[in-house]
Amino acid sequence: MKNLKYIMGLLLLLCMACEEVWDEHYGLDGGDESAYVVSPLNLLDYLKSIPDYSKFVEALEEYGIAEELTRDQYLSVWAVNNEAMEALQSMDLDKEFVLRYHINNLTYDMSKLRDGLRLRSLNGKYIPVTRAMDNKIQVADATVTDGNQFCQNGVVHEIDELMVPDESIYEYLYDLSDEYSMIRDSVFAANDTVFDVSNSIPIGVDKSGNTIYDSAFVIENPIFEEVDFRSEFSQVTMFVPSNEVVGVCFDNLQKLYDQFGKPFTKADSLTAWNWIMDAVFYDKVVDNYGTEEDLVSAFGKLWKTTVQGVNPQYKRMSNGRVYDVNFLKIPNNVHISAIKQLFYYYEFVPDEQRDELFTFHNTKEIRIQATDNYSFPSINVSGTYTILRLFGEDIPGQPLAVDYTPVKLDKNEDGTTTASVVEVPPGEYNLYMGVQSKNHPFLNVYIDDQLVASELNVEPSSPWNYDRSTNTVPGTKWDGLGGLVGIVNIDGDEVRSFKLRVEVALLGKSSREEMKLYHWALVPTQNNY
């Protein structure tokens, strides 16, 4: 008798334990069991037992998916009623692909459907889960209306509409219209179809003894190494500019280059395009555009959300987000290597504008003077340096100085050359200068009345003699930046002109008060976007 009581007690404990395991598996522990359906049937038989799921079941059977629901594996099924199933026939999509999107491995009861979860469906696409503050659950664009219908091998959640599988960013980009051909074609031009030996099946040997494969191929693209926007496992973001947006961007660059007197070359356009290609891919999901001012792309490029124009309403992709770009700006420190002009261009300023653009203080003579010859045979360049030479009146306490609105040369259609005002984008720059340095007096230099450098010793030939130092043409002393004066800020929001003041601070080794000015250059710093 004692043994019988012992056996019955053990059976009772086992039953209680089994019930706890069942509850734990389906997330019922501590919940209101009356709110859930618990059926001993498998998923398929359970769906067949509900008349309002009959069309859903018929479609699963028609496309050979139904048997998946009878196997010894745990699944979650996202079922729709007969009325919602009417939408299937009007979908311009592969029907089996859509239906497989409504089944995923493992049992996810309502308590496990947390906000931001991604469930990999049987078609390989991920189902995004959104859980609102009111606990309403959305999967893709559908809402769960009757969840936690538990079965012997999984759970059924009824949703209010069929889910449409999201495209991947790769698929979206591939299908873009020709309005986006520049970015689309540039991305896919890097594709390479490569033989995949690990997934190819040997089917024989040829006469030479080489293995013959039933070949499989994969697509490789160097972009995938940093941001695999093709993989469903990825979570990435892409900013997509149209041809029109890119065209406006390049037109703005052309106008800007005209304003500071530099031709917009093919090399400049390539630099700009390479930046675009590197700046539009991100190896993370950007959900709330604009909450971060600075985004760093997968290729290390800085994207300022306060500068670049983007529609904040993203397109949800199966592996991330796509944003439409409506304004694009190439950062100044990317496309501007240097803005550089020569002082002797004063000679080409029309007489009626000279007093407006140049103000000379305590100056007894102004001379445009050819000085030293130069020759760089390796680049086939030779000529003579020309300077703006100023002689002072040597009045104590009243230094020789020039206030100067920088100008550039313009080649006119009639063959003449004139000078016009240089305009530059606002931002932070390094200011460089060059002079004929031998026995040159020390200088004070100002930008827009702000002191940049005082008692600057420009006598050392390196780096101050003309433009023969700092970032010269490789292997030569030609077309460099000269000596660094200091950091300057061009204030404002628009491209504009600026004032440069140069004055004698100390005579140094010079026996007279003079300035022998050759060039100035502005180089954007990393802070100049």
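Scroll up to find the structure this text is about.
To keep things clear, this report deals only with the structure shown in the data block. (Residues numbered from 1 in each chain as written. Predicted model: local features only at pLDDT ≥ 70, side-chain atom pairs only at ≥ 80, totals over all residues. Heavy atoms only, no water.)

### Examining the overall build of the protein
Quick note on the threshold: Strands here are runs of E lasting at least two residues and helices are runs of H or I lasting at least four, both read from the DSSP assignment and numbered beginning at the N terminus. Here a residue-residue contact requires only that any non-hydrogen atoms of the pair lie within 4.5 Å. Areas reported here follow the Shrake-Rupley algorithm with a probe of radius 1.4 Å; residue values treat only the protein chains shown as occluding.
Within the protein one finds twelve helices and 32 strands. For the protein, the proportion of contacts with a sequence separation of at least 24, taken over those separated by at least 6, is 66%. Just so you have it, the protein exposes about 26900 Å², and 48% of that area is on carbon and sulfur atoms.

### Description of the packing of aromatic side chains
Keep this limit in mind: Think of it this way: a Phe, Tyr or Trp ring, Trp meaning its six-membered ring, pairs with another when their centres are within 6.5 Å, and the plane angle makes it stacked under 30 degrees, edge-to-face over 60, tilted otherwise. Here, a charge over a ring is recorded when the distance from Lys NZ or Arg CZ to the ring centre is within 6 Å and its angle to the ring normal is within 35 degrees.
Inspection of the entire model under this criterion finds 32 aromatic pairs. Taken together, F239, W275, Y282, Y289, W303, Y314 and Y323 form an aromatic cluster joined through their ring pairs. One Lys or Arg, R230, reaches over the ring of Y170 and ends 5.2 Å from the middle of that ring. One Lys or Arg, K304, reaches over the ring of Y529 and ends 6.0 Å from the middle of that ring.

### A short note on unusual backbone geometry
Threshold: Whether a residue is buried, partly exposed or exposed follows from its accessible area with a 1.4 Å probe, protein chains only, as a fraction of its type maximum: under 20%, in between, or over 50%, in that order.
With an omega dihedral of 20 degrees, the bond running from S462 to P463 counts as a cis peptide bond. Inspection of the secondary structure puts P463 in helix α12 (residues 461-464). Its identity is not glycine, yet N135 carries a phi of approximately 75 degrees, on the positive side. By secondary structure assignment, the location of N135 is in the loop between β5 (126-131) and β6 (137-139). Under the relative-accessibility criterion, N135 is labelled partly exposed at 49%. For D449, which is not glycine, the phi torsion reads 70 degrees and is therefore positive. Within the secondary structure layout, D449 lies in the loop between β28 (442-447) and β29 (450-456). Residue classification places D449 among the exposed residues on the basis of a relative accessible area of 68%.

### Describing helix α8 (residues 243-259)
What counts is decided by this rule: What a helix should span is 1.5 Å times the count of its residues minus one. What the arc covers is the set of directions going from the helix axis to the C-beta atoms.
Taking 1.5 Å as the rise per residue, α8 with 17 residues should run 24 Å; its terminal C-alpha atoms sit 24 Å apart, in good agreement. Turning to α8, its buried residues number three or more, namely V245, V246, C249, F250, L253, L256 and Y257. Buried residues of α8, viewed axially, fall in a sector of 135 degrees; they line one side. Turned more than 90 degrees away from the buried face of α8 sit E244 and K255, all of them exposed. On the buried face of α8, the contacting elements are α7 (181-188), β13 (236-241), α9 (266-279), β19 (320-327) and α10 (332-335). Where α8 terminates, the next one or two residues include G261, which has phi positive at roughly 80 degrees.

### Description of the pairing of β29
Here is the rule: Strand pairing requires that DSSP identify at least two bridges connecting the strands.
Here β28 runs beside β29; their pairing, made up of four bridges, is antiparallel. Note that in β29 the partner of I447 across the bridge is Q450. The hairpin formed by β28 and β29 contains two residues between the paired strands, and D448 there has a positive phi angle of roughly 50 degrees.

### Quick notes on the sheet that holds β28
Our working definition: The convention used is that axes are lines fitted to C-alpha atoms, helices contributing only their stretch in contact, and that angles between N-to-C directions extend from 0 to 180 degrees.
One open sheet accounts for five strands, arranged β21-β24-β31-β28-β29; its pairing is antiparallel. For this open sheet the edge positions go to β21 (358-361) and β29, each flanked by a neighbour on one side alone. On average, each strand axis in the sheet is tilted by 15 degrees relative to the strand beside it, whichever way the strands run. Relative to strand β24 (residues 401-404), β21 runs antiparallel, the two being bridged by four bridges. Each bridged residue has a counterpart across the sheet, and for T359 the counterpart in β24 is D403.

By themselves these figures say nothing about function.
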